[in-house]
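# Overview (structure and organization)
One-letter residues, chain by chain:
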Number of protein chains: 2
Amino acid sequence: MSDLLERLRARGWRLTAQRRVVAEVLDGDHVHLTADEVHARATARLPEVSRATVYNTLGELVALGEVVEVSTDGRAKRYDPNAHRAHQHLVCSGCGLIRDVHPTGDPLADLPSAERFGFAVAAAEVTYRGLCPGCAAKA
Amino acid sequence: MSDLLERLRARGWRLTAQRRVVAEVLDGDHVHLTADEVHARATARLPEVSRATVYNTLGELVALGEVVEVSTDGRAKRYDPNAHRAHQHLVCSGCGLIRDVHPTGDPLADLPSAERFGFAVAAAEVTYRGLCPGCAAKA
DNA sequence: TTCATTGCAAAGCGTTTGCAACGTA
DNA sequence: TACGTTGCAAACGCTTTGCAATGAA
């Protein structure tokens, strides 16, 4: 993640305490927090971080391609810092848990040109839905 | 779509003018309207349709499995009446246009059990993103 | 010093809900 | 007639924005 901070600095980002904390919160694997969760964890480290700043910072990280927005349900967006390795998401229909997965095969290869209707297809997002072990045990 | 109305009646649905209009608006291929667009088209046919009724009716159609909610962006949900044939979506990054597509291959087959982490995977959603011919020409 | 960044609070958008009036079965 | 359905309007959750104060470079 220090990589991230260096990349941001190299892009001329003005590095503030708030931005550093937001970036740190997003560190780690399988992190898919909502903006509100990011705010909660950020204020735990640094009380003076406003919601607006969290939204601003997340939006900028997304624009920079460092973080990806994931809207798994109709609820709040989640932010996925694992933008540099292609992966897909496994979402629990019960509790909303999200896991990163790395399927074999390229989904793009499954879409023949006859089915592209002239679109310049750039990417494919795959979301697998099911019950996580915990929720399956309760059901 | 008359099929739909008959299915609904068979399920004991109380058939009101408002519900019929909402169902009619959703008729046709490649229809992916937001709740607000459904409301606009519904009131064009029948002025006395409230937003609340549109939301209620859409929610019931989703619960009945006749319509599928699609959240392509972080904005308003869209409603896809093509629930009876497996298909995926091609979304234009420029204008938001959505097309149904029917890829070859089953995405579920691309997720080996080692990548399922104990999840009981039930379904896979695939969204292809790119530029439609119109937006590609402008870019 | 300067100008981007911040915090606050209010507004915005899409959606849901409470409740009285309504209309289908 | 009875009970499910409707419309209105207010409340809601999440996100964005205006503006004055702040602070990194």
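Residues numbered from 1 in each chain as written. Chains lettered and ligands numbered in written order. Predicted model: local features only at pLDDT ≥ 70, side-chain atom pairs only at ≥ 80, totals over all residues. Heavy atoms only, no water.

## Observations regarding the sheet that holds strand E3 (residues 78-80) of chain A
The strands making up a sheet associate through backbone hydrogen bonding, with each pair oriented either parallel or antiparallel. Residues and elements named next belong to chain A. Within the open sheet, the three strands sit side by side as E1-E3-E2. Their pairing is antiparallel. Across the chains shown, the open sheet's two edge strands, defined by having one partner strand only, are strand E1 (33-34) and strand E2 (68-70). Two strands pair when backbone bridges link them, and E2 and E3 are joined in this way by three bridges, in the antiparallel orientation. Each residue of the ladder has a partner; that of Glu69, found in E3, is Tyr79. (Pairing = 2+ DSSP bridges. Helix = DSSP H or I, 4+ residues; strand = E, 2+ residues; numbered from the N terminus.)

## Let's talk about the protein's contact with DNA strand C
Taken together, 17 residues lie near DNA strand C, and Thr16, Glu48 and Thr53 of chain A together with Arg14 and Tyr55 of chain B sit nearest. The sugar-phosphate share of atoms of DNA strand C within 4 Å of the protein amounts to 76%. A distance of 3.0 Å separates a phosphate oxygen of DNA strand C from a polar side-chain atom of Arg19 of chain A. Measuring from a phosphate oxygen of DNA strand C, one finds a side-chain N or O atom of Thr53 of chain A at 2.5 Å. Among the elements that line the surface near DNA strand C, the one with the most residues is helix H4 (residues 51-63) of chain B, at three residues. Along the lines of polarity and charge, the residues of the surface near DNA strand C split into seven nonpolar, five polar and five charged. (Near = heavy atom within 4 Å. Polar contact = N/O pair within 3.5 Å; in protein donor to acceptor, adjacent residues only side chain to side chain. Nonpolar A, V, L, I, M, F, W, Y, C, P; charged D, E, K, R; others polar.)

## Structural notes on the packing of aromatic side chains
What describes a pair of aromatic rings is the distance from one ring centre to the other and the angle between the planes of the rings. In this structure the tally under the stated criterion is zero aromatic pairs over all chains. One cation-aromatic arrangement involves Arg19 of chain B over Trp13 of chain B; the distance from NZ or CZ to the ring centre is 4.2 Å. One Lys or Arg, Arg99 of chain B, reaches over the ring of Phe117 of chain A and ends 3.7 Å from the middle of that ring. (Phe/Tyr/Trp six-rings, centres within 6.5 Å; stacked < 30°, edge-to-face > 60°. Lys NZ or Arg CZ within 6 Å of the ring centre and 35° of its normal.)

## Regarding the pairing of strand E4 (residues 88-92) of chain B
All names here are of chain B. In terms of burial, E4 is largely enclosed, as five of its five residues are buried. Of the strand pairs in this sheet, E4 and strand E5 (residues 98-101) are connected by four bridges, and their pairing is antiparallel. Looking at E5, one finds that His89 is bridged to Asp100. Hairpin connection, E4 to E5: the antiparallel pair is bridged by five residues, and Gly96 has positive phi, about 85°. (Buried < 20%, exposed > 50% of the residue type's maximum accessible area, 1.4 Å probe, protein only.)

## Brief notes about the interface of chain B and chain A
Chain B puts 38 residues into the contact, and the matching count from chain A is 38 residues. Of the roughly 3100 Å² buried where chain B meets chain A, counting both sides, 60% is carbon and sulfur surface. The interface formed by chain B and chain A includes two salt bridges. In this structure, the salt-bridge partner of Glu125 of chain B is Arg129 of chain A, at a minimum N-O distance of 2.5 Å. Linking chain B with chain A are 16 residue pairs in polar contact (both at pLDDT 80 or more). For the side of chain B that touches chain A, the secondary-structure elements that each account for two or more residues are E4, E5 and strand E6 (120-131) of chain B. For the side of chain B that touches chain A, the element with the highest residue contribution is E6 of chain B, accounting for 12 residues. The residue inventory of the side of chain B that touches chain A, partitioned by class, reads 22 nonpolar, seven polar and nine charged. Pairing of strand E6 (residues 120-131) of chain A with E6 of chain B, which is carried by 11 bridges, proceeds in the antiparallel orientation. (Contact = heavy atoms within 4.5 Å. Buried area = accessible area lost by both parts, 1.4 Å probe. Salt bridge = Lys/Arg side-chain N within 4 Å of Asp/Glu carboxyl O.)

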